[in-house]
Number of protein chains: 4
Amino acid sequence: MSEAPARKTYTHRVRVGYVDTDLAGVVHHSTYLRYLEAARVEFLRHHGVDFRLLEQEGHLAMPVVEVELRYKLPAHFDDQLGLETWVGRLTRARLRFDTHIWCEGKLLTEAQIMLCCIDMATGRPRVLPDMIHSACV
Amino acid sequence: MSEAPARKTYTHRVRVGYVDTDLAGVVHHSTYLRYLEAARVEFLRHHGVDFRLLEQEGHLAMPVVEVELRYKLPAHFDDQLGLETWVGRLTRARLRFDTHIWCEGKLLTEAQIMLCCIDMATGRPRVLPDMIHSACV
Amino acid sequence: MSEAPARKTYTHRVRVGYVDTDLAGVVHHSTYLRYLEAARVEFLRHHGVDFRLLEQEGHLAMPVVEVELRYKLPAHFDDQLGLETWVGRLTRARLRFDTHIWCEGKLLTEAQIMLCCIDMATGRPRVLPDMIHSACV
Amino acid sequence: MSEAPARKTYTHRVRVGYVDTDLAGVVHHSTYLRYLEAARVEFLRHHGVDFRLLEQEGHLAMPVVEVELRYKLPAHFDDQLGLETWVGRLTRARLRFDTHIWCEGKLLTEAQIMLCCIDMATGRPRVLPDMIHSACV
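Residues numbered from 1 in each chain as written. Chains lettered and ligands numbered in written order. Predicted model: local features only at pLDDT ≥ 70, side-chain atom pairs only at ≥ 80, totals over all residues. Heavy atoms only, no water.

S.K.: Hey, could you run me through the overall build of chain A in this one?
M.R.: For chain A, the helix and strand inventory stands at 3 helices and 7 strands. Reading the helices (α) and strands (β) of chain A from amino to carboxyl end gives β-α-α-β-β-β-β-β-β-α. Expressed along its principal axes, the backbone C-alpha trace of chain A runs to roughly 45 × 40 × 20 Å. A fraction of 65% describes how many contacts in chain A between residues 6 or more apart in sequence connect residues 24 or more apart. Of the roughly 6,500 Å² of accessible surface on chain A, 51% is carried by carbon and sulfur atoms. Positive and negative side-chain charges of chain A, numbering 17 and 18 respectively, have mean locations separated by a distance of 4 Å. (Helix = DSSP H or I, 4+ residues; strand = E, 2+ residues; numbered from the N terminus. Contact = heavy atoms within 4.5 Å. Areas by Shrake-Rupley, 256 points an atom, 1.4 Å probe, with all protein chains shown as cover. Lys, Arg positive; Asp, Glu negative; His and termini not counted. Charge placed at Lys NZ, Arg CZ, Asp CG, Glu CD.)

S.K.: What is the right way to look at the interface of chain A and chain B in this model?
M.R.: Taken together, the contacts link 18 residues of chain A with 18 residues of chain B. Looking at the side of chain A facing chain B, the largest losses of area belong to A:H29, A:L33 and A:Y71, adding up to 29% of the total buried there. At the surface where chain A touches chain B, the tally comes to 4 salt bridges. For A:E68, the salt bridge is made with B:R70, and the minimal N-O distance between the two is 3.9 Å. In this assembly, chain A and chain B are joined by 8 residue pairs in polar contact (both at pLDDT 80 or more). Per element, the largest residue contribution to the side of chain A that touches chain B is 8 residues, and it comes from strand β3 (residues 64–71) of chain A. Of the residues in the side of chain A that touches chain B, the class split is 9 nonpolar, 3 polar and 6 charged. Sheet topology note: the β3(A)/strand β3 (residues 64–71) of chain B ladder contains 5 bridges and is antiparallel. (Buried area = accessible area lost by both parts, 1.4 Å probe. Salt bridge = Lys/Arg side-chain N within 4 Å of Asp/Glu carboxyl O. Polar contact = N/O pair within 3.5 Å; in protein donor to acceptor, adjacent residues only side chain to side chain. Nonpolar A, V, L, I, M, F, W, Y, C, P; charged D, E, K, R; others polar. Pairing = 2+ DSSP bridges.)

S.K.: Looking at this structure, how should I read the pairing of strand β6 (residues 106–116) of chain B?
M.R.: Regular strands place side chains that alternate from one sheet face to the opposite one. Residues and elements named next belong to chain B. Pairing analysis gives 7 bridges linking β3 to β6, with the strands arranged antiparallel. Along β6, the bridge assignment pairs R70 with E110. Inspection of the sheet shows strand β5 (residues 94–103) paired to β6 by 10 bridges, in the antiparallel sense. Directly across from H100, in β6, lies its bridge partner E110. Connecting β5 to the antiparallel partner β6 that follows it, the hairpin turn spans 2 residues, and E104 within it adopts a positive phi of roughly 50°.

S.K.: Sorry, what's going on with the relation of the copies chain D and chain C here?
M.R.: Mapping chain D onto chain C calls for a screw motion: a turn of 180° about the axis and a shift of 0.0 Å along it, with 0.0 Å RMSD after fitting. Taken together, the rotation and translation relating the two chain copies correspond to the operation of a two-fold axis. Considering only C-alpha atoms, the part of chain D nearest the rotation axis is D:E68, at 2.3 Å. Here 100% of the interface residues in chain D have copies in chain C that are interface residues too; the copies meet face to matching face. (Least-squares fit on C-alpha atoms with pLDDT ≥ 70 in both.)

S.K.: Help me out: how do you make sense of the interface of chain D and chain C in this one?
M.R.: Many descriptions give the size of an interface as the accessible area lost when the pieces come together. With 18 residues of chain D at the contact, the number on the chain C side is 18 residues. When the two sides are added together, the surface that chain D and chain C hide from each other amounts to roughly 1,700 Å², 57% of it contributed by carbon and sulfur. Taken together, the connections running from chain D to chain C amount to 4 salt bridges. Inspection of the chain D/chain C interface yields 8 residue pairs in polar contact (both at pLDDT 80 or more).

S.K.: I would appreciate a short explanation of the sheet that holds strand β6 (residues 106–116) of chain C in the present structure.
M.R.: Within a sheet, each strand pairs with its neighbour through backbone hydrogen bonds, oriented either parallel or antiparallel. Strand order in this open sheet of 10 strands is β1(C)-β4(C)-β5(C)-β6(C)-β3(C)-β3(D)-β6(D)-β5(D)-β4(D)-β1(D), and the pairing throughout is antiparallel. Lying at the two open borders of the sheet, with one neighbouring strand each, are β1 (10–15) of chain C together with β1 (9–15) of chain D. Adjacent strand axes in the sheet meet at a mean angle of 20° when their direction is disregarded. Relative to β1(D), helix α1 (residues 31–46) of chain D is tilted by about 135°, and along the sheet it contacts β1, β3 (64–71), β4 (80–90), β5 (94–103) and β6 (106–116) of chain D. (Axes fitted to C-alpha atoms, helices over the stretch in contact; angles between N-to-C directions.)

S.K.: Sorry if this is basic, but what is going on with the environment of C:V19 here?
M.R.: As for its position among the elements, C:V19 is in the loop between β1 and α1 (31–46). In sequence terms C:V19 and C:P125 are 106 residues apart; their C-alpha atoms lie 36 Å from each other. Excluding anything up to four places from it in sequence, C:V19 contacts A:H28, A:S30, B:R34 and B:E37.

S.K.: Would you mind showing me how to read the sheet that holds strand β4 (residues 80–90) of chain A here?
M.R.: Taken in spatial order, the 10 strands of this open sheet run β1(A)-β4(A)-β5(A)-β6(A)-β3(A)-β3(B)-β6(B)-β5(B)-β4(B)-β1(B), and their pairing is antiparallel. Lying at the two open borders of the sheet, with one neighbouring strand each, are β1 (10–15) of chain A together with β1 (10–15) of chain B. Across the sheet, the mean angle from the axis of one strand to that of its neighbour is 20°, orientation sign disregarded.

S.K.: I tried to follow the relation of the copies chain A and chain B on my own but got confused; where do I start?
M.R.: Here two copies of a chain appear, and what relates them is a rotation about an axis with a shift along it. When chain A is fitted onto chain B, the two copies agree to an RMSD of 0.0 Å after a turn of 180° and an axial shift of 0.0 Å. A shared binding surface is used by both copies, with 100% of the interface residues of chain A retained as interface residues in chain B.

S.K.: Honestly, empty space enclosed by the protein in this entry has me stumped. Any pointers?
M.R.: Over the atoms rolls a probe the size of a water molecule, and its path tells where empty space is left. For the structure shown, the criterion picks out 1 cavity of 30 Å³ or more. Here the largest cavity defines a volume of roughly 590 Å³. Along the wall of the largest cavity there are 28 residues; nearest its centre are A:R34, B:R34, C:R34, D:V19 and D:R34. Elements that contribute at least two residues to the lining of the largest cavity include exactly α1 (31–46) of chain A, α1 (31–46) of chain B, α1 of chain C together with α1 of chain D. Among the residues making up the lining of the largest cavity, the classes are represented as 4 nonpolar, 16 polar and 8 charged. (1 Å grid on protein atoms, 1.4 Å probe; cavity = no way out; pocket = protein on both sides within 12 Å on 5 of 7 lines; lining within 4 Å. Points joined across faces, edges and corners; volume = space filled by probe spheres on them.)

S.K.: Before we go on, may I ask you to explain the side chain of A:S30 in this structure?
M.R.: Note on placement: A:S30 falls in the loop between β1 and α1. The class of A:S30 is buried, set by a relative accessible area of 11%. Side chain to side chain, A:S30 and A:H28 meet in a polar contact 2.7 Å long. Apart from the residues within four sequence positions on either side, A:S30 is in contact with B:L33 and C:V19. (Buried < 20%, exposed > 50% of the residue type's maximum accessible area, 1.4 Å probe, protein only.)

S.K.: Just checking my understanding: could you explain the packing of aromatic side chains for this structure?
M.R.: Each pair of aromatic rings is reported with the distance of its centres and the angle of its planes. For the structure shown, the criterion picks out 24 aromatic pairs over all chains. Aromatic rings pair up to connect A:Y18, A:F77 and D:F51 into one cluster. Taking the ring centre of A:W86 as reference, the NZ or CZ of A:R7 above it sits at 3.9 Å. (Phe/Tyr/Trp six-rings, centres within 6.5 Å; stacked < 30°, edge-to-face > 60°. Lys NZ or Arg CZ within 6 Å of the ring centre and 35° of its normal.)

S.K.: Looking at this model, I keep getting lost on the confidence of the model for chain A. Mind explaining?
M.R.: Residues shown with low pLDDT carry predicted positions that ought not to be read at fine detail. Summarising the model, chain A shows a mean pLDDT of 94, and 96% of its residues fall at 70 or more. Under the prediction, the complex receives an ipTM of 0.94, its pTM being 0.96. (pLDDT = per-residue confidence, 0-100.)

Take a look at the structure:
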């Protein structure tokens, strides 16, 4: 009997910058979308997909279509965060990256970011490149 | 027989900046959180609440705890956007602002942003100030 | 005897956002480049030049090549700033926008932003469009 | 006869994000101020100064008072940049970080960022902490 395959993950490290904070002394809620984007690019690189080449050679773009974020604990200047990322859902045309953002063993933020795939020239929806399917699951 | 009271709304206008765009030629998905924050501050101002004073005099902060965004159509440099905002949900301790982002009669993005209220010094949860309740509904 | 012509100026108004601040409680120094960019676009619009059309129809871009900023006093959340802008220098190929950023009668920041003009396709330098010359001085 | 001591430098590595670009397809000029701030923090860490502790324990802040940037060549999404940083000038009250931003052996941008030191509570100027002097030169 075979076991369920381990899900592919990658943990991207980020150092919180001064500019990332706001007058409340914590990381501004918008900053995490920047961190999460980098985490997705590094997840793909780690699993063999060069996102820049994918877009350029495939004449495609992968815009974000849905975002869900749950902020549980704040992050602070100079904290080192770990963004643990995996593919939470994958269909022919859509790809959802799920991320847990950790700091010193505590879960700060949960994120689900849904992307689709469009033709760069026409803007019309396309199926995801095969490379995404083979790399992500 | 009384009718349901009209819900309070406010439409904040934003001009898309060059910096707000990315190499795909459209507004980057993270930019909307900036626009939405300004829309909430202006909603409150329009309905009689000075958010800066509220925080300073109340020794409180109102951090974002949940974000849901649905991107339907892209915005472009120099577009004039209208952010139509209302309070979608209000409890003793939480406040959800709902926003529709429009451009030339088209709905670009839907957002739900949940805030809570904390004590600035201790970081502990507090009930929302009465002023919020009276202003928002 | 003719007098020197009055220099063309335009004052763009900006409301400081929460996201624009950092943990020191003041506007982060990088934020001003965003404000200044909007001030240049509005200066041009006020003097008859639609920057988006200029770039699109002229197949050109106007990248920033030099920045000088002097920060004298900090700005704070919800401040209303006035960005008084004029063309400080104009040659065949380069255009420098000078800006004074004011808040309640006090000069907060001085900026000089030099732009050049390049062909969008080749990236090579071009002379500035005539429209810029006639609009700016 | 003694030789001039080698100047202390540190090269901070940055990966260009999608969000860092604009519709012209290159890194937006404001983005570099973010990169440069991280480069200063890492320069100090490399030379033994924890900037977060310095501010917190010293009850001080080190705001940017002058910025000079010269952009020579553009950077693109996913480029790996090297920010080579050193202290270009150091007086009792002011500290200037100079940085060359490199990509694949080409000099993209030159920066000079002048900081001063203020008391966090009063906002008044202070002399720089001794630790800065010993660490930087």
